[in-house]
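# Summary of structural features
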Amino acid sequence: MKDINAVKKQWCATARKWLVGYTVTNVGYSNEEDWCAQSLCLQLERNGNKILLVPQADDEGNDGGALYVINKSTGKDEILPVIWTN
């Protein structure tokens, strides 16, 4: 079994490579027809390259997920919720 800290370090390095330097250019709710919970998605862009971040309930993509926003400047936390369709 891998050391949890080594796994976290590996995934943080991957996320940095994939995400650092991008700017949020748009937000909107997903329209995945087979999901009961629609996620708020973030469109990012860096040097003309666009990606879409889609929060999911789990690693298998079984449903949308909420975003927990932590504002380290104000100490105020917020939730960007899923929209339930049924």
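Only a predicted model underlies this, so the values are computations on that prediction, with no experimental measurement involved.

### Side note on helix H1 (residues 4–19)
Between its first and last C-alpha, H1 extends 22 Å over 16 residues, near the 22 Å set by a 1.5 Å rise per residue. Within H1, only zero of the 16 residues are buried, which leaves the element largely exposed. Once H1 finishes, Gly-21 follows within two positions and takes phi at roughly 100°, a positive value.

### Structural notes on the state of the cysteines
Enumeration over the complete set of coordinates arrives at zero disulfides. Not engaged in a disulfide, the cysteine Cys-36 finds its nearest cysteine sulfur in Cys-41; these two sulfurs lie 16 Å apart. Classification of Cys-36 by relative accessible area gives partly exposed; the value is 28%.

### What to know about the side chain of Ser-30
Locating Ser-30 in the fold gives a position in the loop between strand E1 (23–29) and strand E2 (37–38). Here the side chain of Ser-30 touches Gln-38 through a polar contact of 3.4 Å, side chain to side chain. Residues within four places of Ser-30 in sequence aside, it is in contact with Trp-35, Gln-38, Ser-39 and Cys-41.

### Side note on the environment of Val-24
The residue Val-24 is located in strand E1 in this model. Aside from chain neighbours lying at most four places away, what touches Val-24 is Gln-43 and Leu-44.

What counts, and where the lines are drawn
- Residues numbered from 1 in each chain as written.
- Predicted model: local features only at pLDDT ≥ 70, side-chain atom pairs only at ≥ 80, totals over all residues.
- Heavy atoms only, no water.
- Helix = DSSP H or I, 4+ residues; strand = E, 2+ residues; numbered from the N terminus.
- Expected span 1.5 Å × (residues − 1).
- Buried < 20%, exposed > 50% of the residue type's maximum accessible area, 1.4 Å probe, protein only.
- Disulfide = S-S within 2.5 Å.
- Polar contact = N/O pair within 3.5 Å; in protein donor to acceptor, adjacent residues only side chain to side chain.
- Contact = heavy atoms within 4.5 Å.

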